[in-house]
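As a plain string of letters, each chain reads:
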Amino acid sequence: MNIDTKALAEKYGTPLYMYDFDYIENRYTTLKDAFAGKKSIVNYAVKANSNLSVIAHLAKLGAGADCVSIGEVNRALTAGVDKYKIIFSGVGKRDDEIREALQKDILMLNLESEAEMKRVELVAKELGKEARISIRVNPNIDPQTHPYISTGLHENKFGVELDMAKRMYIYANKSEFLNPVGIHFHIGSQLTKLSPIQEAASIVADLVRSLKAIKIDIKFFDVGGGIGVVYDDEVTITAAEYTQAIFQATKGLDITLLCEPGRYMVANAGAFFTKVLYEKVNAGKRFVIVDGAMNDLIRPSLYDAYHKIEAVGVDANVETTPADVVGPVCESGDFFGKNVPLPPLSHNDLIVVQSAGAYGFTMASNYNTRSKPAEVAIQGGKDRLIRKRETYDDQVRLELEYLGVMG
Ligand code: LLP
C-alpha cells in the first residue's frame, strides 16, 4: 500500500486507526478461493473489527458473519450481511438476545450448554418458531497459543464435551422447536500450527458421522476462527493448508463448510497512528510518550502482544536507541512496546503501530475519559472516514440529564 501516512495523520488527527480495504478484499478472496469446489461460507468474526464499513465491505464480497452478541448480529444486518449467513455464538446469551435472533431469522444459534439449549427451546416455543441451532463441541485440543485466547481445552469455559453434544443433538432432534443443523468448534485464536485444527476437525467430523448413523443429519460444519497472522516473524498457516486439512478431516461428508476468521481478515490491514508528545529519560531509561494509549489499543497491555512500532519519515541511517513507547493513561501497563529501537524523536513526530486492524478499536474503552479514535479506510489509493473521532459530548451524553437529580 502506497499512502502518505503523514498527510493522513494531518488530515484526520491522531490517535487514528487506518484499514486497507484492498488488503481485506485480498484476504477474503484468498481464503474463499481455497475452499473452491466445496460448499462454504466464510463467516467473518465481527468481534475482530466491527466497524460497519468493514463488515459491509466483506458482505459485498459475499462474506457471512460470526457474531457474539445481538449487537454484533444487528451490526451485521445493518451492514448488509445476508441473514442466512449470520451465526450467533457465545457462552451466555440473554433471553431477549435469543428472541431477537430468532425473530430476525438468522442462519443459526450456536449453543454452548444444555441449559442454553433448553432456554432457546423455551423462547422458540413462545414465538411458535423452530430454532436452527448448532452445538459448540469442545474437542479438548491444545491449540498451542496464548492461554487467554485458547478455548478448546476442557478447562476452558467454551462448548460441551463430545458425549454431552451427542445427547444434546438427540434431544434437539426430537424437539418440535429445535432444528439441529450445524456443528461447531473453535479451539483458539492466533493459531500458527495446523495439527491442532486438523485433529479437532477429525474428532468433530467423527461425531458428525456417528450422528448420521442415528439419522441426525448435520448440514453446516463450522471450524471456527483462529488462523494466525504475522505480527513479528511468526511462520503461520496458509489458507490452502488450512482448507486442505479441513477437507481431509471431513472426507466423505456432504456438508457446507463454515469458518469464522477475524484476525486473518483484518489484523494486518490495520495500523494505529499516534503522535509523539514528549521524550523523557528516567534513571537512564528512555520513554517515548505518545498521544495514543492502552484504552485505544490494549493488546500489548493485556496479552503482552507484540506490535511492530515504527517512526514515520525518519532517516533509516539515524542511530536508534531502545525506548518504551507509552501513553498518557495512569497505569504502568499503558505501553505499546518495550525497548523499541527508535531514533531521537520530537514533538508531533508520527509513530505507527502495525497489525492493529484486529481487536484494536473493538477493544477500545473510554478509560480516563479519553475519546475513542477516528477510523479511516483506504481503498484504491483513496482515503475516507468510516468513524468520526468521538468527542467529550458523545461520552457524557447518557449521563448529563441525571446531573443534579439526586441533589
Ligand atoms: N469464532 C469464535 C467462536 C471466537 O471465539 C473467535 C475469537 C473467532 C471466531 C475469531 O478468532 P480469530 O480468527 O480472530 O482468531 N482479543 C484477543 C482475541 C480473542 C479472540 C476471541 N475469539 C486478541 O486480541 O488477540
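A. How the structure looks around the packing of helix 7 (residues 162–174) against helix 8 (residues 195–213). At their nearest, the axes of helix 7 and helix 8 sit 11 Å apart, and the two run at 35 degrees to each other. You can see that helix 7 and helix 8 cross each other, and the crossing is right-handed. Note on element contacts: helix 8 touches helix 7 through Ile203, Leu207, Ser210 and Leu211, opposite Leu162, Ala165, Lys166 and Tyr169. Residue composition of the contact of helix 7 with helix 8, by class: 6 nonpolar, 1 polar and 1 charged.

B. Highlighting the sheet that holds strand 3 (residues 64–67). Taken in spatial order, the 8 strands close into a barrel running 2-3-4-5-6-7-8-9, and their pairing is parallel. The average angle at which neighbouring strand axes cross in this sheet is 30 degrees, direction not considered. Two elements, strand 5 (residues 108–111) and strand 6 (residues 131–136), share 3 bridges in a ladder whose sense is parallel. Paired with Leu111 across the strands is Ile135, a residue of strand 6. Seen against the sheet, helix 6 (residues 114–127) touches strand 5, strand 6 and strand 7 (178–184) and runs at an angle of roughly 150 degrees to strand 5.

C. Molecular detail of the pairing of strand 16 (residues 374–379). Among the 6 residues of strand 16, 5 are classified as buried, and the element is accordingly described as predominantly covered. Here strand 1 (residues 16–20) runs beside strand 16; their pairing, made up of 5 bridges, is parallel. Across the sheet, Met18 pairs through a bridge with Val376, a residue of strand 16. Both strand 16 and strand 17 (residues 382–387) contribute to a ladder of 5 bridges, which runs antiparallel. In the sheet register, Gln379 faces strand 17, and the bridge partner there is Lys382. Hairpin connection between strand 16 and strand 17: a loop of 2 residues separates the two successive antiparallel strands, and Gly380 in this loop has a positive phi of roughly 55 degrees.

D. Spotlight on the layout of surface pockets. Considering only enclosed or pocket space, the second largest pocket measures out at about 270 Å³ in volume. Considering the residues around the second largest pocket, the lining is formed by 16 residues, among which Tyr306, His307, Lys308, Ile309 and Val340 are closest to the centre. For the lining of the second largest pocket, the per-class residue count stands at 9 nonpolar, 3 polar and 4 charged.

E. Fine view of the site of the ligand. Near the ligand you find 19 residues, and of these Ser189, Glu260, Arg299, Tyr303 and Tyr359 are the closest. A distance of 3.2 Å separates a nitrogen atom of the ligand from a polar atom in the side chain of Asp66. Between the ligand and Glu260, the relevant distance is 2.5 Å, taken from a nitrogen atom to a side-chain nitrogen or oxygen of the residue. Protein contacts shield 91% of the accessible area of the ligand, which totals 590 Å² for the unbound molecule. Residues that form the shell around the ligand fall into these classes: 6 nonpolar, 7 polar and 6 charged. Counting the residues that make up the shell around the ligand, at least three belong to each of domain 1 (5–16 + 268–395) and domain 2 (35–261).

F. Geometry of the pattern of salt bridges. Following the criterion strictly, the structure yields 18 salt bridges and no others. Two residues, Arg132 and Asp105, come together in a salt bridge whose shortest N-O distance is 3.0 Å. Of this pair, Arg132 sits in strand 6 while Asp105 sits in the loop between helix 5 (95–103) and strand 5, placing them 27 residues apart in sequence. On the basis of relative accessible area, Arg132 is assigned to the partly exposed category, the value being 23%. Here Lys212 ties to Asp217 by a salt bridge, and the two come within 3.5 Å at their closest N and O atoms. A network of salt bridges, in which partner residues are shared, links Lys83, Asp105 and Arg132.

G. Region of interest: the packing of aromatic side chains. One pass over the full model with this rule turns up 6 aromatic pairs. Seen from their ring centres, Phe185 and Phe221 are 6.2 Å apart, and the 75 degrees between their planes marks the pair as edge-to-face. With a gap of 36 residues between them, Phe185 in the loop between strand 7 and helix 8 and Phe221 in strand 8 (residues 220–222) connect regions that are remote in the sequence. Of the two residues, Phe185 and Phe221, neither departs from the other in class, the shared state being buried. For the ring pair Phe272 and Phe336, a centre distance of 5.6 Å and an interplane angle of 55 degrees mean the geometry is tilted. With Phe272 in strand 10 (residues 270–282) and Phe336 in strand 14 (residues 335–342), this residue pair connects regions lying 64 residues apart in the sequence. Linked through ring pairs, Tyr17, Tyr19, Phe272, Phe336 and Phe361 together constitute an aromatic cluster. Looking at Lys93, its charged tip hangs above the ring of Phe88, at a distance of 5.4 Å from the centre.

H. Representation of the domain arrangement of the protein. In terms of domain boundaries, the protein breaks down into domain 1 (5–16 + 268–395) and domain 2 (35–261). Taken together, the contact pairs 17 residues of domain 1 with 17 residues of domain 2. When domain 1 packs against domain 2, the two sides together hide about 1400 Å² of surface, and 49% of this comes from carbon and sulfur. Considering only the surface of domain 1 that becomes buried against domain 2, Tyr303, Tyr306 and Tyr359 emerge as the three largest contributors, covering 34% of it. At the boundary of domain 1 with domain 2, the tally comes to 0 salt bridges. In this assembly, domain 1 and domain 2 are joined by 7 residue pairs in polar contact (both at pLDDT 80 or more). The leading source of residues in the side of domain 1 that touches domain 2 is helix 11 (residues 299–303), at 3 residues.

Criteria and cut-off values
- Residues numbered from 1 in each chain as written.
- Predicted model: local features only at pLDDT ≥ 70, side-chain atom pairs only at ≥ 80, totals over all residues.
- Heavy atoms only, no water.
- Axes fitted to C-alpha atoms, helices over the stretch in contact; angles between N-to-C directions.
- Helix = DSSP H or I, 4+ residues; strand = E, 2+ residues; numbered from the N terminus.
- Left-handed = near helix turned anticlockwise from the far one by under 90°.
- Contact = heavy atoms within 4.5 Å.
- Nonpolar A, V, L, I, M, F, W, Y, C, P; charged D, E, K, R; others polar.
- Pairing = 2+ DSSP bridges.
- Buried < 20%, exposed > 50% of the residue type's maximum accessible area, 1.4 Å probe, protein only.
- 1 Å grid on protein atoms, 1.4 Å probe; cavity = no way out; pocket = protein on both sides within 12 Å on 5 of 7 lines; lining within 4 Å.
- Points joined across faces, edges and corners; volume = space filled by probe spheres on them.
- Near = heavy atom within 4 Å.
- Polar contact = N/O pair within 3.5 Å; in protein donor to acceptor, adjacent residues only side chain to side chain.
- Areas by Shrake-Rupley, 256 points an atom, 1.4 Å probe, with all protein chains shown as cover.
- Domains from an automatic or database assignment.
- Salt bridge = Lys/Arg side-chain N within 4 Å of Asp/Glu carboxyl O.
- Phe/Tyr/Trp six-rings, centres within 6.5 Å; stacked < 30°, edge-to-face > 60°.
- Lys NZ or Arg CZ within 6 Å of the ring centre and 35° of its normal.
- Buried area = accessible area lost by both parts, 1.4 Å probe.

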